[in-house]
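So you can see what is in the structure, the chains are spelled out below.
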Amino acid sequence: MSTTRRATGIGLAVASGVAVAVQSRINGELGVRLADGIAAAVVSFGLGLLVLLVLVPATPGGRRGLVALRAALREGTLRPWQCLGGVCGAFLVATQGLTVGTLGVAVFTVAVVAGQSGSSLLVDRAGVGPLGRQPVTPARLVGAALTVLAVLLAVGDRLGDPDALALAVLPLLAGVGIAWQQAVNGRVRGAAGSALTATLVNFTVGTLALLATFAVEVAVRGRPTGNVPDEPWLYLGGPIGILFIALAAAIVRFTGVLLLGLATIAGQIIGAVLLDLALPTAAARPGPATLTGAALTLVAVLVAAASGKEGPLLNASGRERAPG
């Protein structure tokens, strides 16, 4: 593999991480405007689903993926519960709308990465993902511990505000769910042979979960009191999510899974800090504690990746297959 392709892949992975940080800001602002984080998540996921409902049937790979997915479910090589990763994605998007306006993108991202880093150890050890059981190395344990410390540093200036601390728990839990989501979505992608088809399953399940949650919320609390905003950019959260997943699927053959994850998280942290510095919300202006926590998160990811090795790529039945 050429160095140029590898470097290009890393650059695109960092850019996709920045896009995720932008998505967090968009959905957070939409949640503030609608005065309802769940409603903002429904809009984001719903628009993404509409795009995929047009895109997947329109592409040969998408159509083949749907056929292969049905066959895998019928034959039992893919379990129905492995198609539920979108529930965790829905929770992540909901926490964007509920918390980013108060916490800021930087604190939100640090909390998500901390949860993701810790839970990925358990997910890899249990063999939930398409690579099967992965060893828990000392470096990954140290990296996970450092990410928890990074969260404590990032919210250190808010220790006197119980409400803000309680909000920080939500993205932390969302990060825990992301590791499981990525693992089972990998299983779906392997069974379908199509990243677009796996993304469609993710968005379908997530949208249904959010609609059910929103219906309960309206029944209990009534309809949202905010106004529907006119700015088109506030409705780009869903399409950005599709772009992120599709880009990852395209460049993983050049970077490998480990390097892709490292570069993406780095992009998330860098994008989150830059957004909060350049366009801070009224309630979230990053101080030294937040910036230190963000920097420590990058160090933690580097430490966790220090001894990582790529495992074989597996097909739906667990046999090794060639990349791409």
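That block above? That's the structure.
Fair warning: this is a prediction, and the values are worked out from it, not measured in the lab.

**Student:** How would you explain the nonpolar core if you had to name every residue and give the values?
**Tutor:** L92 and I269 are the most contacted members of the largest nonpolar core, which totals 19 residues. Residue assignment for this core shows that the elements contributing at least two residues are α4 (85-103), α5 (105-126), α7 (162-192), α10 (257-278) and α11 (288-305). Sorting elements by how many residues they give to this core places α5 first, with six residues. In contact with L92, other than residues within four places in its own chain, are F108, V112, A174 and I178. V42, A90, V93 and L200 belong to the second largest nonpolar core, which has 14 residues in total.

**Student:** So what about a nonpolar patch on the surface? Which residues, and what values?
**Tutor:** A cluster of nonpolar residues, F91, V169, L173 and V176, forms a patch on the protein surface that exposes about 310 Å² of accessible area. With three residues, α7 is the single largest residue contributor to the nonpolar patch. Within the element layout of this structure, V176 appears in helix α7.

**Student:** Tell me about the packing of helix α1 (residues 3-34) against helix α2 (residues 37-58), and please be specific about residues and values.
**Tutor:** Helix-helix packing: each pair is described by the crossing angle between the helix axes and the interaxial distance. Relative orientation of the contacting elements α1 and α2 amounts to 125°, with a least axis distance of 8 Å. Taken together, α1 and α2 sit at an angle that is classed as oblique. Two packed elements cross with a definite hand, and for α1 against α2 that hand is right-handed. When α1 is examined against α2, the residues N27, L30, G31 and L34 are found in contact with a partner set consisting of G37, A39, A40, V43 and S44.

**Student:** I'd like a rundown of the pattern of salt bridges, residues and numbers included.
**Tutor:** According to the stated counting rule, one finds four salt bridges in the structure shown. Between R25 and D276 there is a salt bridge, and its shortest N-O distance comes to 2.9 Å. Of this pair, R25 sits in helix α1 while D276 sits in helix α10, placing them 251 residues apart in sequence. By relative accessible area, which is 11% here, R25 ends up buried. Residue D276 is classed as buried on the basis of its relative accessible area of 2%. Several salt bridges converge on common partners, so that one network encompasses E29, R33 and E231.

**Student:** So what's going on with the environment of S117? Residues and values would help.
**Tutor:** Here S117 shows up in helix α5. With relative accessibility at 15%, the residue S117 sits in the buried group. Measuring from C-alpha to C-alpha, the distance between S117 and I178 comes to 9.5 Å, with 61 residues separating the pair along the chain.

**Student:** Mind laying out α4, listing which residues take part and the relevant values?
**Tutor:** Spacing of three or four residues puts side chains on the same side of an α-helix, whose turn is 3.6 residues. Here α4 contains 19 residues, and its C-alpha end-to-end distance of 26 Å stays within 8% of the 27 Å for a straight helix at 1.5 Å per residue. The principal kink in α4, of about 40°, is found at G97. In terms of residue burial, α4 counts as a mostly covered element, since 14 of its 19 residues are buried. G104 lies just past α4 and shows a positive phi near 90°.

**Student:** Give a detailed account of the side chain of D36, specifying residues and quantitative values.
**Tutor:** Relative to the assigned elements, D36 resides in the loop between α1 and α2. The buried charged residue D36 lacks any salt bridge, with R221 as its nearest oppositely charged partner at 5.4 Å. Separated by 2.9 Å, the side chain of D36 and the backbone nitrogen of A39 make a polar contact. Every residue in contact with D36, bar those within four places of it in the chain, is listed here: G31, F214, E217 and P224.

Calculation notes
- Residues numbered from 1 in each chain as written.
- Predicted model: local features only at pLDDT ≥ 70, side-chain atom pairs only at ≥ 80, totals over all residues.
- Heavy atoms only, no water.
- Core = buried A, V, L, I, M, F, W, Y, C linked by side-chain atoms within 4.5 Å.
- Buried < 20%, exposed > 50% of the residue type's maximum accessible area, 1.4 Å probe, protein only.
- Helix = DSSP H or I, 4+ residues; strand = E, 2+ residues; numbered from the N terminus.
- Contact = heavy atoms within 4.5 Å.
- Patch = residues over 30% accessible without salt bridge, like charges linked within 9 Å, V, L, I, M, F, W, Y side chains within 5 Å.
- Areas by Shrake-Rupley, 256 points an atom, 1.4 Å probe, with all protein chains shown as cover.
- Salt bridge = Lys/Arg side-chain N within 4 Å of Asp/Glu carboxyl O.
- Axes fitted to C-alpha atoms, helices over the stretch in contact; angles between N-to-C directions.
- Parallel < 35°, antiparallel > 145°, perpendicular 65-115°, else oblique.
- Left-handed = near helix turned anticlockwise from the far one by under 90°.
- Expected span 1.5 Å × (residues − 1).
- Bend = angle between axes of the 7 residues up to and from the residue.
- Lys, Arg positive; Asp, Glu negative; His and termini not counted.
- Polar contact = N/O pair within 3.5 Å; in protein donor to acceptor, adjacent residues only side chain to side chain.

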